[in-house]
Amino acid sequence: MTQLDVTVRREDAYDLLLVSGPVNSYTFTEFQEKVFKSVAAANVIIDMEKVTTLSSAGIGVLMAALDDAGAAGRKLALLRPSEIVKLALDSTGFSERFPVIQNIKEF
Amino acid sequence: MSESSMRRGAMRQSEATLYLGASPTSVFALEEFVDSLDFLGRRERERLKLAGDEILDNLVRHSAPLQGGGITVRAARRGDKIILGFFFRSPGFAAFAASCGDPLPLFDPNHRRWRGIGMVMCRNLADSINLRPGSLLDRIFLVFHPERDEPDGGPWRQRGSALRAKCAGGSRGSSTELVGK
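This structure is a prediction, so every number in the text was calculated from the model and none was measured.

Each value, and the rule that gives it
Residues numbered from 1 in each chain as written. Chains lettered and ligands numbered in written order. Predicted model: local features only at pLDDT ≥ 70, side-chain atom pairs only at ≥ 80, totals over all residues. Heavy atoms only, no water. Helix = DSSP H or I, 4+ residues; strand = E, 2+ residues; numbered from the N terminus. Rg over C-alpha atoms; globule rule 2.2 N^0.38 Å. Buried < 20%, exposed > 50% of the residue type's maximum accessible area, 1.4 Å probe, protein only. Contact = heavy atoms within 4.5 Å. Areas by Shrake-Rupley, 256 points an atom, 1.4 Å probe, with all protein chains shown as cover. Expected span 1.5 Å × (residues − 1). Arc of directions from axis to C-beta. Buried area = accessible area lost by both parts, 1.4 Å probe. Salt bridge = Lys/Arg side-chain N within 4 Å of Asp/Glu carboxyl O. Polar contact = N/O pair within 3.5 Å; in protein donor to acceptor, adjacent residues only side chain to side chain. Pairing = 2+ DSSP bridges. Axes fitted to C-alpha atoms, helices over the stretch in contact; angles between N-to-C directions. Left-handed = near helix turned anticlockwise from the far one by under 90°. Right-handed = clockwise from strand over helix to strand, strands pointing away. Parallel < 35°, antiparallel > 145°, perpendicular 65-115°, else oblique. Nonpolar A, V, L, I, M, F, W, Y, C, P; charged D, E, K, R; others polar. Phe/Tyr/Trp six-rings, centres within 6.5 Å; stacked < 30°, edge-to-face > 60°. Lys NZ or Arg CZ within 6 Å of the ring centre and 35° of its normal.

Details of the overall build of chain A
A count of helices and strands for chain A gives three helices and five strands. For chain A, the α and β elements follow one another from N to C terminus as β-β-α-β-α-β-α-β. A globule of 107 residues ought to have a C-alpha radius of gyration of about 13 Å, and chain A, at 12 Å, matches this closely. The principal-axis extents of the C-alpha atoms in chain A amount to approximately 35 × 30 × 25 Å. Of all 107 residues assigned to chain A, the portion counted as buried reaches 53%. Taking contacts inside chain A between residues at least 6 apart in sequence as the whole, the part at least 24 apart equals 66%. Surface summary for chain A: the accessible area is close to 4,700 Å², and the carbon and sulfur share equals 45%.

Some remarks on helix H1 (residues 28-39) of chain A
Residue and element names in this part refer to chain A. Compared with an ideal rise of 1.5 Å per residue, which puts 12 residues at 16 Å, H1 spans 16 Å between its outermost C-alpha atoms and is within 8% of the ideal. Those residues of H1 that fall on the buried side of the exposure criterion are Phe28, Phe31, Gln32, Val35, Phe36, Ser38 and Val39. Take H1 and look down its axis: the buried residues cluster within an arc of 160°, on one side only. More than 90 degrees from the buried face of H1, the exposed residues found are Glu33 and Lys37.

Comments concerning the interface of chain B and chain A
Across the boundary between the two partners, chain B contributes 28 residues, which contact 31 residues of chain A. Three residues, Phe28(B), Arg112(B) and Trp114(B), lead the burial of chain B against chain A; their summed loss comes to 25% of the area buried on that side. Among the ionic pairs, Glu83(A) bridges to Arg43(B), the shortest N-O distance being 3.4 Å. Here chain B is connected to chain A by six residue pairs in polar contact (both at pLDDT 80 or more).

Focus: the sheet that holds strand E2 (residues 15-23) of chain A
All names here are of chain A. The five strands are arranged E1-E2-E3-E4-E5 in an open sheet whose pairing can be described as mixed. At either end of the open sheet lies a strand with only one pairing partner, and these are strand E1 (5-10) and strand E5 (100-101). When E2 meets strand E3 (residues 44-54), the two strands line up parallel, connected through eight bridges. Considered in E3, the bridge of Leu17 is made with Ile46. Together, E3 and strand E4 (76-79) form the strand contacts of helix H3 (residues 83-92), whose direction differs from that of E3 by roughly 95°.

A look at the side chain of Asp15(A)
Within the fold, Asp15(A) resides in strand E2. Classification of Asp15(A) by relative accessible area gives buried; the value is 4%.

Comments concerning the packing of helix H2 (residues 42-62) of chain B against helix H4 (residues 117-125) of chain B
All names here are of chain B. Running from N to C, H2 and H4 cross one another at 145°; their axes reach a closest spacing of 9 Å. Crossing of H2 against H4: the hand is left-handed. Between H2, through Arg47, Leu50, Ala51, Glu54 and Ile55, and H4, the contact on the second element is made entirely by Gly118, Met121, Cys122 and Leu125.

Examining the pairing of E3(A)
In terms of burial, E3(A) is a largely internal element, eight of the 11 residues being buried. In this view, the connection linking E3(A) to its parallel neighbour E4(A) by way of helix H2 (residues 56-71) of chain A has right-handed handedness.

Comments concerning the packing of H3(A) against H4(B)
Geometrically, a packed helix pair is captured by the angle between its two axes and the distance between the axes. Where H3(A) contacts H4(B), the two axes come as close as 8 Å, and the packing angle between them is 100°. Taken as axis vectors, H3(A) and H4(B) run roughly perpendicular relative to one another. Contacts between H3(A) and H4(B) involve Leu87(A), Ala88(A), Ser91(A) and Thr92(A) from the former and Ile117(B), Val120(B), Met121(B), Asn124(B) and Leu125(B) from the latter. Here the contact of H3(A) with H4(B) is built from residues that sort into six nonpolar, three polar and no charged.

Some words on the packing of aromatic side chains
For any two aromatic rings, the description comes down to two numbers: the centre-to-centre distance and the angle of the planes. In total, this model carries four aromatic pairs over all chains according to the counting rule given. Relative to Phe141(B), the ring of Phe87(B) lies with its centre 5.5 Å away and its plane at 80°, an arrangement referred to as edge-to-face. One end of the pair, Phe87(B), is in strand E4 (residues 81-88); the other, Phe141(B), is in strand E8 (residues 138-144), and 54 residues separate them in sequence. There is no split in this pair, since Phe87(B) and Phe141(B) are both buried. Positioned over the ring face of Phe107(A) is Lys75(A), at 4.4 Å from the centre of the ring. One Lys or Arg, Arg74(B), reaches over the ring of Phe87(B) and ends 5.3 Å from the middle of that ring.

That's the geometry; what it means functionally is another story.
What follows is the structure, given as structure tokens:
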């Protein structure tokens, strides 16, 4: 069983969440917990280069986190999303809501 | 015996079958199964994995208890179509198929979750979704078009988000088709 791994690095101006593995209906709660915790306190960059799948539950977490960040006057961006992440986001019709960056300097 | 088992290439080179238990952890076996389908290209596998995960999650969460406790998943390339089929038996599936519609995703503030995103994904990832309640077996078929691995993402990007749903009846033996556009 491939596990999800979410590592949080606290930088001065943002939290960097390094995500690898599947964000699916079984693993999304761990993803949700760490994303929501960071968004409640900081600007957030979510590195999704090593994400192997992204389910609707995971996309729902990202949408809620984006709303929370906006309401709190913070920023959230997706860093280098993998091809399957881009496909998942595009399949919802909401992909343009998500700021995508290829380099942390763009944040 | 583990909760899932795989039979690959036993009959046809372009078909594979997976037997799953009705458990939330079965999603990992489905993902591994789709990743192993070497008769599909990478982008084809990605579409099957995303849509298949959503279907399986809905079955495990909303169609339980599944009689016999299991789900058979079959992936096949048939000419110019790719088919992902789910075979199971659920007493609640006919009612679910009858109530299908075209709901828009909504935010549930009580649970801080968006609802309805998964079905939108399936409709946009697949060319059609066919829900077929049956007297002996319930079936769901997702049909995809073949897709070359292109760096620009391929033809699905031009499909847009406009959707139409055709709901025809819902009693056992009828068929409901959800069509992406």
